[in-house]
Amino acid sequence: MKTAIVLSMLSLAGAATAETVAELHENELKAIDTNNDGFLSKDEFDAFSDYAFQTMDEDKNGTLGLDEAKPFLDIKQFQKVDRDRDSNISRTEYDQHMTEDFISADQNSNGQLD
């Protein structure tokens, strides 16, 4: 289930659309929606985003190399997140990207994805 959740989260991050949230498997959404209200708040999104990063960071060095990210991101997605082009996704780059994706997906600007 952990891999499925990470893949779902990264699909969400890549697509940045409310429709993608609707496509999450119900059990995966429940795992992310910690207060069980049927929506993803920014706090829930951030908490799961943190979990996803830590899960992908296999060597626990605080960055995602291409080999670590390959199972979850294609090369174009990797390059988009790797803003400084150092062939690693830093935690800052990842967090910035995930925040931008949340804002894009929050189409009615209510601070939650529904």
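Scroll up to find the structure this text is about.
Residues numbered from 1 in each chain as written. Predicted model: local features only at pLDDT ≥ 70, side-chain atom pairs only at ≥ 80, totals over all residues. Heavy atoms only, no water.

Within the protein, the regular secondary structure consists of seven helices and four strands. Mapped in sequence order, the helices and strands of the protein form the string α-α-α-β-α-β-α-α-β-α-β. A burial count over the protein gives 39% of its 114 residues as buried. For the protein, the accessible surface area stands at approximately 6300 Å², while carbon and sulfur atoms represent 49% of it. (Helix = DSSP H or I, 4+ residues; strand = E, 2+ residues; numbered from the N terminus. Buried < 20%, exposed > 50% of the residue type's maximum accessible area, 1.4 Å probe, protein only. Areas by Shrake-Rupley, 256 points an atom, 1.4 Å probe, with all protein chains shown as cover.)

Moving on, we get to the pattern of salt bridges. Enumeration over the complete set of coordinates arrives at five salt bridges. Asp50 is the salt-bridge partner of Arg91, the closest N and O atoms lying 2.7 Å from each other. Of the two residues, Arg91 sits in helix α7 (residues 91-105) while Asp50 sits in helix α4 (residues 42-56), which places them 41 residues apart along the sequence. The salt bridge partner of Lys70 is Asp67, with a shortest N-O separation of 3.8 Å. For the pair Lys70 and Asp67, one class covers both residues: exposed. Residues participating in the shared-partner salt-bridge network are Asp50, Arg91 and Asp95. (Salt bridge = Lys/Arg side-chain N within 4 Å of Asp/Glu carboxyl O.)

Everything listed is a geometric property; what it means functionally is a separate question.
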